[in-house]
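Coordinates in review
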Amino acid sequence: MPPTSAPPPSQPARQFAPESLLAAQGVRVAIFDVDGVLTDGRIYVGEQGEVFKAFSTLDGHGLKLLARGGIEPVVITGRDSPAVRRRVADLGIRHAVYGAADKLAAAAPVLAALGAGWREVAAMGDDWPDLPLMTRAAFACAPAGAHVEVLAIAHHVTRARGGHGAARECCDLLLTAAGRYAELLRGHLVTLDGAAS
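Description of the structure in this document. Since the structure is predicted, the reported quantities are computational estimates derived from the model, not experimental observations.

Quick notes on the pairing of strand E4 (residues 72-76)
Of all 5 residues in E4, 5 are buried; the element is thus mostly enclosed. Both faces of E4 are covered, namely the face carrying Glu72, Val74 and Ile76 and the face carrying Pro73 and Val75. Here strand E1 (residues 29-32) runs beside E4; their pairing, made up of 4 bridges, is parallel. Paired with Ile31 across the bridge in E4 is Val74.

Structural notes on the sheet that holds E1
In space, the 6 strands of this open sheet follow the order E5-E4-E1-E6-E7-E8, with parallel pairing throughout. Looking at strand neighbours, the two that pair on one side only are strand E5 (95-97) and strand E8 (156-161), the edges of this open sheet. For this sheet, the mean inter-axis angle between neighbouring strands, taken without regard to orientation, is 20°. Both strand E6 (residues 121-124) and strand E7 (residues 139-144) contribute to a ladder of 3 bridges, which runs parallel. Note that in E7 the partner of Ala122 across the bridge is Phe139.

Notes on the environment of Val148
By the secondary structure assignment, Val148 is in helix H6 (residues 148-153). Of the residues examined, Val148 reaches a relative accessible area of 54% and is grouped as exposed.

Concerning the side chain of Asp35
Tracing the sequence through the fold places Asp35 in the loop between E1 and strand E2 (44-45). Apart from residues no more than four positions distant in its own chain, Asp35 is found in contact with Gly41, Ile43, Lys53, Arg79 and Asp126.

Some words on the state of the cysteines
In the structure shown here, the tally under the stated rule is 0 disulfides. With no disulfide of its own, Cys141 has Cys170 as its nearest cysteine by sulfur position, at a separation of 3.7 Å. A residue is classified by how much of its surface remains accessible, and Cys141, at 0% relative accessible area, is buried. Its sulfur unpaired, Cys171 is 5.9 Å from the next cysteine sulfur, which belongs to Cys170. A residue is classified by how much of its surface remains accessible, and Cys171, at 0% relative accessible area, is buried.

Thoughts on the nonpolar core
With 34 residues, the main nonpolar core has Phe32, Leu66, Met124, Phe139 and Leu174 as its most contacted residues. Among the elements of the structure, helix H1 (18-24), E1, helix H2 (57-68), helix H3 (82-90), E6, E7, helix H7 (166-177) and helix H8 (181-188) are those that each provide at least two residues to this core. Grouped together as the second largest cluster of nonpolar side chains are 22 residues, Ile76, Leu114, Leu133 and Ala154 included.

Digging into the environment of Val88
Along the chain, Val88 turns up in helix H3. With residues near it in sequence (within four places) discarded, Val88 still touches Val75, Ile93, Ala96 and Tyr98.

Cut-offs applied
Residues numbered from 1 in each chain as written. Predicted model: local features only at pLDDT ≥ 70, side-chain atom pairs only at ≥ 80, totals over all residues. Heavy atoms only, no water. Buried < 20%, exposed > 50% of the residue type's maximum accessible area, 1.4 Å probe, protein only. Helix = DSSP H or I, 4+ residues; strand = E, 2+ residues; numbered from the N terminus. Pairing = 2+ DSSP bridges. Axes fitted to C-alpha atoms, helices over the stretch in contact; angles between N-to-C directions. Contact = heavy atoms within 4.5 Å. Disulfide = S-S within 2.5 Å. Core = buried A, V, L, I, M, F, W, Y, C linked by side-chain atoms within 4.5 Å.

So this is what it looks like as structure tokens:
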């Protein structure tokens, strides 16, 4: 007798506080920092000066889901490196600013191009350079381990640390607030032949 698989869940296991979901409603654009958010904040420098960074596949899939759910992911980072540019390109992120000394100034033309105001923006950061974005955004998210001043203004602090699924948690929250999370999850529970997996 072949083993039977468990039926797919009727409700998503991922849950968020109602106040976080309320603050995140109406978000159309989500801005992410890189170092300390999409990575663990450590920078590996090789003998020839090359920079290495480690990224989470959980975060990568979350950013792709965000775009599929109608929320535009944007990367604004204070540093620039081939590794970051490669990761952003691999994820199909259409809007990114590298080497931004002033992240607020860097965000302005991106938001104008997307026709979005700050009431439609979420921002995720971990340190002082991210504060101008986070204080203006409708929804501010910080990874566990972020600087205390960032934690103090965040609407949501993730359980995961930067580079270890923190951005995915933020993506999941935004998709839940937009009413798209359960639908996207159901799509992943269906195999190519249309039967539940």
